[in-house]
Amino acid sequence: MVSAISKLLDRFGGKANGRALKVIGASGQLGYGVPEPALKEGLSREPDFIGADMGSTDIGPYFLGSGDMATAAEQTRRDLRRLLLAARSRDIPLIIGTAGSAGAAPHLKRTLGFVREIAAEEGLHFRLGTIRSDMPRDVVKGAIRAGRVRPLGNIADLTEAEVDASANLVGQAGTEAFIRCLEQDVDVVIAGRACDTGIFAAIPQMLGYPLGPVVHMAKIVECASLCCLPGGRDSILAVLEGDGFVLESMNPARRATPMSVAAHSLYEQADPNVIVEPEGTAQVDRAHYEAVDDRRTRVSGARWVPAAQPTVKLEGSAKVGERAVLLAGSADPRFIEGVRSHVEEVRQVVAELVTDDGVPDYQLSFRVYGIDGVYPWPDPPKVQPREIFVMAECIAPTLDRALAVAKTTKQYLLHHGFPGRLSTSGNLAFPFTPPELVAGAAYRFSAYHVMETDDLAGLFPVEVEML
Amino acid sequence: MKLAELARVVRSKNAGPLKLTFDIMFEDEKGYQAFVQSPTLEPARIAGLYGVAPETVEIMPYPVALAVKIVMDRKLPSGSPGDWDVYGAQQHAPLLEAEW
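First things first, this report covers the structure right here in the doc. (Residues numbered from 1 in each chain as written. Chains lettered and ligands numbered in written order. Predicted model: local features only at pLDDT ≥ 70, side-chain atom pairs only at ≥ 80, totals over all residues. Heavy atoms only, no water.)

A few words on the overall build of chain B. Along chain B, the regular secondary structure elements total 4 helices and 4 strands. Each helix and strand of chain B, placed in order from N terminus to C terminus, yields the pattern α-β-β-α-α-β-β-α. Whereas a compact globule of 100 residues would reach a radius of gyration of roughly 13 Å, chain B reaches 13 Å, a difference of no more than 12%. For chain B, the spread of C-alpha atoms along the three principal axes comes to 40 × 20 × 20 Å. Looking at chain B residue by residue over its 100 residues, the buried ones come to 55%. Look at the contacts in chain B between residues 6 or more apart in sequence, and 58% of them connect residues 24 or more apart. Summed over its atoms, the accessible surface of chain B is roughly 4100 Å², and 56% of this surface lies on carbon and sulfur atoms. Measuring between centres, the 10 positive side-chain charges of chain B sit 4 Å from its 13 negative side-chain charges. (Helix = DSSP H or I, 4+ residues; strand = E, 2+ residues; numbered from the N terminus. Rg over C-alpha atoms; globule rule 2.2 N^0.38 Å. Buried < 20%, exposed > 50% of the residue type's maximum accessible area, 1.4 Å probe, protein only. Contact = heavy atoms within 4.5 Å. Areas by Shrake-Rupley, 256 points an atom, 1.4 Å probe, with all protein chains shown as cover. Lys, Arg positive; Asp, Glu negative; His and termini not counted. Charge placed at Lys NZ, Arg CZ, Asp CG, Glu CD.)

Okay, structure coming up:
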């Protein structure tokens, strides 16, 4: 049986040769729903391969640390089934990156479990390639000692202790890892944590398309039709040809305009002019965006600058404790007026009540929505809000401990006395009971650093299995 | 002038868990130029609005999309205890309140 990637490479005679390569970006976040009409339209265009991204760090440190997925199992399976059936029906490669939201071992395992179940249920048989992204801790520690790890912003230098504290520690696999996996003659690639560009850049790079436009294309289509007007989740088609590519949403209501595509370079990026990858950088500052018609835009002009030193972006998450929250509102103007001092007084009272020595073994914080819950404003609002929402958050070594602190906090905040108090039967409105909720384990990003490496391939092992 | 009267998009988001990025996009060249050339658009002013160090604030005009990008360090990594906004999608409000 000839694999989907072999068929594709054969079709092209192994090289671009001036031919067009059709790429479908099916989803920017697999597991929240892949719209079927646009995917069907994409398939009717006879694409050469399908790619989808499945995760990111946007969702916060919990998912990387805990191994849980951010998306629901039921919806994730539905999306995976849709893409597997689509790719296998045309016998074209399917490439999925950052399995299970965060791409560490438990996320990859769960995602591969779904893929195997779906294959069995649907009677699909294919060669499944996987890329593991968990970083060997001894390698990272060695790099720390050698001064080859640096922070990517406002976070402390990575230490060996922080490596040990991390529940999961992954690296972002680059295009190199995807190519190595595809070279194993596979039909489907499921990668752990990966650069979203690697998903879409690997096959074009194998065929020799120019890397500047390839990486630029990859960075845009990994968000599906988000680069369009209006932006959305529908599949997008990119046709790579010559020195550029043409973008077209597979939903007729979405238009890829020169302005909407150029503006997409801003999205969630620190610098719209460069796309930094483990193997180099795509400079897009001199890119051209021209309308093909009112729904399609041609993009060209990005340049590729190879990196002198390959690097890997490290992401780690460490457990902080167990979290309980208290949810309550207030509509009392006197309570609202002094709410910041009320919660501080209650914090003191609670510390005395729930400990023997007054020294908390927990963190208790209050968000007062209506005042400063979303942004830490330096000044109170000019007009006092009619209502506020108060969320107390307790992080403690155990869940029982966190709940105990939240319950005492609830009672003392409800009945807290203060000068001028009118509403002496209670300061708070609870939307339901119990108003104290278990929020599960709390995590923090322990690593977001870049590590120099001379062995990219050694960090991202590839395996193949027959389904 | 307030940004809500000047711009068609004013948004914030994480650029990775350690940085916040703000995109201010304009309908036309006139609005874009008015903002880009405003003497109040400088890192120290933005740093003052957000209570961060001026050297961590970067302002990048992006004329091809009639947009200005502002990038700054997050005070806390996304989702660490005490963070206000895990996605960083609601940190643009101080830009809306300021006069430009």
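Once that is clear, we can look at the pattern of salt bridges. All names here are of chain A. As enumerated under the stated definition, the model contains 41 salt bridges over all chains in all. Here Asp 91 ties to Lys 7 by a salt bridge, and the two come within 2.2 Å at their closest N and O atoms. Of this pair, Asp 91 sits in the loop between α4 (73-90) and β3 (94-101) while Lys 7 is found in helix α1 (residues 4-11), placing the two residues 84 residues apart along the sequence. Since its relative accessible area comes to 19%, Asp 91 is described here as buried. Judged by relative accessible area, Lys 7 falls into the partly exposed class, the value being 35%. A salt bridge links Asp 243 to Arg 298; the shortest N-O distance between them is 3.1 Å. Placement of Asp 243 in the loop between β8 (236-241) and β9 (244-249) and of Arg 298 in strand β13 (residues 296-300) is noted, with a sequence separation of 55 residues between them. Judged by relative accessible area, which is 46%, Asp 243 ranks as partly exposed. Taking relative accessible area as the criterion, Arg 298 reaches 22% and is therefore assigned partly exposed. Where salt bridges share partners, they join Arg 77, Arg 81, Glu 117, Glu 121 and Glu 122 into one cluster. (Salt bridge = Lys/Arg side-chain N within 4 Å of Asp/Glu carboxyl O.)

We now examine the packing of helix α13 (residues 339-354) of chain A against helix α14 (residues 399-414) of chain A. For any two helices packed against each other, the geometry comes down to the angle between their axes and how far apart the axes lie. Residues and elements named next belong to chain A. For the pair α13 and α14, interaxial distance at closest approach is 9 Å and the crossing angle is 130°. Considered as vectors, α13 and α14 are oriented oblique to each other. Here the hand of the crossing between α13 and α14 comes out right-handed. Across from Val 343, Val 346, Val 349, Val 350, Leu 353 and Val 354 in α13, the residues of α14 making contact are Arg 401, Val 405, Thr 408, Thr 409, Tyr 412 and Leu 413. Class assignment of the residues belonging to the contact of α13 with α14 gives a composition of 9 nonpolar, 2 polar and 1 charged. (Axes fitted to C-alpha atoms, helices over the stretch in contact; angles between N-to-C directions. Parallel < 35°, antiparallel > 145°, perpendicular 65-115°, else oblique. Left-handed = near helix turned anticlockwise from the far one by under 90°. Nonpolar A, V, L, I, M, F, W, Y, C, P; charged D, E, K, R; others polar.)

Residue and element names in this part refer to chain A. Spatially, the 3 strands line up as an open sheet ordered β10-β11-β14, and their pairing is antiparallel. The sheet terminates laterally at β10 (274-277) and β14 (303-306), the two strands that pair on one side only. Along the sheet, successive strands turn relative to each other by an average axial angle of 20°, direction set aside. Here strand β11 (residues 280-283) pairs with β14 via 4 bridges, running antiparallel. Among the inter-strand pairings, Gln 283 is bridged to a residue of β14, identified as Arg 303. (Pairing = 2+ DSSP bridges.)

Moving on to the packing of helix α2 (residues 36-44) of chain A against α4 of chain A. All names here are of chain A. Following both chains from N to C, one finds α2 and α4 inclined at 15°, their axes separated by 11 Å at the closest point. In this view, α2 runs roughly parallel relative to α4, as classed from their interaxial angle. Remark: the crossing between α2 and α4 carries right-handed chirality. Residues Glu 36, Leu 39 and Leu 43 of α2 pack against Arg 82, Leu 83, Ala 86, Ser 89 and Arg 90 of α4. Residue classes in the contact of α2 with α4 are distributed as 4 nonpolar, 1 polar and 3 charged.

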